[in-house]
Amino acid sequence: MKAGAFAYARASSLAEVFELLEQCGGEAKILAGGQSLIAALNMRLAAPAMLIDINGLADLAGIVASGDTVRIGALTRHRSVERSAEIARHLPLLHQAMPSVAHAAIRNRGTFGGSIAFADPAAELPACSVALDATFRIAGKSGERSVPARQFFKGLYETDIQAGEVLLGGEFRALQPGYRSAFLELARRHGDYAIVGVAAHAKFEGARFSDASLAFFGIGAIPVLAVRATAALEGNPYSPDTVAAVQSAVSMDLEPYASGDLYHAAATKLHLARVLAGRVVRALTAA
Amino acid sequence: MTVNGVSVSRRVEARQHLVDFLREELGLTGSHLGCEHGACGACTVRVNGEIVRGCLMLALQADGASVETIEGLSESGAIADLQRAFHERNALQCGFCTPGMLIAAAELLESRPGATREEIRAHLAGNYCRCTGYQAIVDAVEAAGRERVRRQA
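Rules and cut-offs
Residues numbered from 1 in each chain as written. Chains lettered and ligands numbered in written order. Predicted model: local features only at pLDDT ≥ 70, side-chain atom pairs only at ≥ 80, totals over all residues. Helix = DSSP H or I, 4+ residues; strand = E, 2+ residues; numbered from the N terminus. Rg over C-alpha atoms; globule rule 2.2 N^0.38 Å. Buried ≥ 20, exposed ≤ 12 C-beta atoms within 10 Å, placed from the backbone. Contact = placed C-beta atoms within 7 Å. Nonpolar A, V, L, I, M, F, W, Y, C, P; charged D, E, K, R; others polar. Domains from an automatic or database assignment. Pairing = 2+ DSSP bridges. Axes fitted to C-alpha atoms, helices over the stretch in contact; angles between N-to-C directions. Parallel < 35°, antiparallel > 145°, perpendicular 65-115°, else oblique. Left-handed = near helix turned anticlockwise from the far one by under 90°. Core = buried A, V, L, I, M, F, W, Y, C linked by C-beta atoms within 7 Å.

### Looking at the overall build of chain B
Stage number 1. Looking only at helices and strands, one finds six helices and five strands in chain B.
Stage number 2. Starting at the N terminus, the α and β elements of chain B follow one another as β-β-α-β-β-β-α-α-α-α-α.
Stage number 3. For 153 residues, the compact-globule formula gives about 15 Å, and the C-alpha radius of gyration of chain B, at 15 Å, lands near that figure.
Stage number 4. Buried residues in chain B amount to 47% of all 153 residues.

So, in structure tokens, the structure goes:
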């Protein structure tokens, strides 16, 4: 299908973006990589009055590691994150996840901020951000603010970004000594949205787990932190008992959130989440 | 923008995507439109050297860019070996996906001519073929890659 008509503006500054957003009063959409937005326009699932193209705002793109913090600008292309040596070293969870973010041709244009702001329930980067307890920077006409990833995702395609605001990027804590990451997802075709997936991060020292976080995606409306599973890992070694405890904890954690999609029932997703939970605990020992 | 090395200037509607522009304004019908929402890969073209979904980029976003289509890559001979391998291995039937397959495969072989079958499959995962079952396509890409490695040695 073809997109309906819309006005188009190429913004040359953030101030101009805020101005245009205000003028359009909620009828405008921000165009970054466009890899979800243009698909939605073509299918006429979205029909904004105006697109505000922010691709010219070079300051919003880039990966900067300084001290313990890694910042990823909203306009950073997936391909840049995938190929970044800084990301591979400091944020191995993202490095592992990137090949699963759509396909090569889409990663060439799709952006980090687009993926976060669009908040697809089966997308990889929101879950990785939740697992790593990242913080998102958001700006509006009246200034900047920060929101923890764990409070940012509000519902299906719904985030904490308010009318008139723009996502500037994400801040992550670089991998600390003793910590490991593992990323797994199940999809019908490599690069498609996940049936279910998990982004995991934990300390594994002296052959025991601690301070783990497991964020599941593709199962509910937003990434779900499996808190009982974290408790089941705390202080325990890798063993069949630990795996079994984590798997049953994951079922309890996810059940209230689980909902089916067009192809998979909630029960199927819960089963697959348990399978992935077992695999990811093992992967954390090997990572 | 530059299309296959030729400078092109047109006034376009904001809603026109890049492949409609190439097909309808320039008559370059080698880039195909399948799903028009980024799933099938038939519309794959190169923009500033990188492969993109031509249906997920507005024509006006290619303002000032260098665009290459299957027509340009065919004429330059840059992928003649890959095209020959597709022919020899019967890696196409109806041919609808072939331009996208070739452009995607060409990108992979430029950086990693020795790519394994698994890497080839991962790289081409974004391109649907409804005829061949992919086996022959992977064979062709692998064969063309091996030949490039052999020639470089």
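Don't stop here, the text continues.
### A closer look at the interface of chain A and chain B
In many reports, interface size means the accessible area that the parts give up when they come together.
Stage number 1. Contacts between the two partners involve 25 residues from chain A, matched on the other side by 24 residues from chain B.
Stage number 2. Residue assignment for the side of chain A that touches chain B shows that the elements contributing at least two residues are β1 (7-10), α2 (37-42) and α6 (104-107) of chain A.
Stage number 3. Classifying every residue of the side of chain A that touches chain B by side-chain character gives 13 nonpolar, nine polar and three charged.

### A few points about the domain arrangement of chain B
Residue and element names in this part refer to chain B.
Stage number 1. Here chain B is partitioned into domain 1 (2-73) and domain 2 (79-152).
Stage number 2. For domain 1 and domain 2, the distance between their C-alpha centroids amounts to 21 Å.
Stage number 3. In this complex, domain 1 contributes 13 residues to the contact, which on the side of domain 2 involves 13 residues.
Stage number 4. Mapped by element, the contributors of at least two residues to the side of domain 1 that touches domain 2 are β3 (44-47) and α2 (70-76).
Stage number 5. The greatest single-element share of the side of domain 1 that touches domain 2, amounting to three residues, is contributed by β3.
Stage number 6. Of the residues in the side of domain 1 that touches domain 2, the class split is seven nonpolar, five polar and one charged.

### Side note on the sheet that holds β3(B)
All names here are of chain B.
Stage number 1. Strand order in this open sheet of five strands is β2-β1-β5-β3-β4, and the pairing throughout is mixed. Only two strands of the sheet have a single neighbouring strand rather than two, namely β2 (6-7) and β4 (50-53).
Stage number 2. Pairing analysis gives two bridges linking β3 to strand β5 (residues 66-68), with the strands arranged antiparallel. Bridge pairing in β5 places V47 opposite V67.
Stage number 3. Each of β3 and β4 is contacted by helix α4 (residues 98-111), which is oriented at about 45° to β3, the strand it contacts most.

### Description of the domain arrangement of chain A
Stage number 1. Assigned domains of chain A: these are domain 1 (7-53), domain 2 (58-173) and domain 3 (194-286).
Stage number 2. A straight line from the C-alpha centre of domain 1 of chain A to that of domain 3 of chain A covers 37 Å.

### Focus on the sheet that holds strand β2 (residues 28-31) of chain A
Residues and elements named next belong to chain A.
Stage number 1. With parallel pairing, three strands are arranged side by side in an open sheet as β1-β3-β2. Each end of this open sheet is capped by a strand with a single partner; those strands are β1 and β2. The sheet shows a mean angle of 25° between the axes of neighbouring strands, taken without regard to direction.
Stage number 2. The sheet contact formed by β1 and strand β3 (residues 50-53) spans four bridges and is parallel. Following the sheet pairing, A7 is matched in β3 by M50.
Stage number 3. In this fold helix α1 (residues 14-24) packs onto β1, β2 and β3, with an angle of close to 170° to the strand it touches most, β3.

### Overview of unusual backbone geometry
Only a minority of non-glycine residues have a phi that is not negative, and only a minority of peptide bonds are not trans.
Stage number 1. A positive phi angle, close to 50°, is found at A102(A), a residue other than glycine.
Stage number 2. Judged by local crowding, A102(A) falls into the buried class, with 27 C-beta atoms found within 10 Å.
Stage number 3. Phi at E36(B) is positive, roughly 60°, even though this residue is not glycine.
Stage number 4. Relative to the helices and strands, E36(B) is located in the loop between α1 (18-25) and β3.
Stage number 5. Note on E36(B): 23 C-beta atoms within 10 Å, which makes it buried.

### Let's talk about the packing of helix α3 (residues 80-88) of chain B against α4(B)
All names here are of chain B.
Stage number 1. It is the contact of α3 with α4, at a shortest axis distance of 10 Å, that shows an interaxial angle of 125°. Considering the angle they form, α3 stands oblique to α4. As for how α3 packs across α4, the hand of that crossing is right-handed. Residue-level contacts link L82, Q83 and F86 of α3 to T98, L102, A105, A106 and L109 of α4.
Stage number 2. Among the residues forming the contact of α3 with α4, the class breakdown is six nonpolar, two polar and no charged.

### Some details on helix α8 (residues 124-131) of chain A
Stage number 1. Burial runs high along α8(A): eight of the eight residues are buried.
Stage number 2. Among the residues making up α8(A), those that are buried are E124(A), L125(A), P126(A), A127(A), C128(A), S129(A), V130(A) and A131(A).

### Remarks on the environment of L58(B)
Stage number 1. The topology assignment puts L58(B) in the loop between β4 and β5.
Stage number 2. Under the C-beta neighbour-count criterion, L58(B) is labelled buried, with 25 such atoms within 10 Å.
Stage number 3. Remark: the alpha-carbon pair of L58(B) and F21(B), spanning 37 residues in sequence, is separated by 8.9 Å.
Stage number 4. Sequence-distant contacts of L58(B), that is, excluding residues within four places in its chain, are made with I38(A), A14(B), Q16(B), H17(B) and L18(B).

### Digging into the environment of Q152(B)
Stage number 1. Tracing the chain through its elements places Q152(B) in helix α6 (residues 135-152).
Stage number 2. Along the chain, Q152(B) and I70(B) lie 82 residues apart, while their C-alpha atoms are 25 Å from each other.

### Remarks on the nonpolar core
Stage number 1. Core analysis: the biggest nonpolar cluster contains 140 residues, and I54(A), A131(A), A199(A), A200(A), L214(A), A215(A) and F216(A) have the highest contact counts within it.
Stage number 2. Look past the residues within four positions of L214(A) in its chain and what remains in contact with it is A131(A), V198(A), A200(A), A226(A), A229(A), T230(A) and V280(A).

### A few points about the pairing of strand β6 (residues 135-140) of chain A
Residue and element names in this part refer to chain A.
Stage number 1. Here six bridges tie β6 to strand β7 (residues 143-148), and the two strands are oriented antiparallel to one another. Within β7, the residue paired with F136 across the bridge is V147.
Stage number 2. Joining the antiparallel neighbours β6 and β7 is a turn of two residues.

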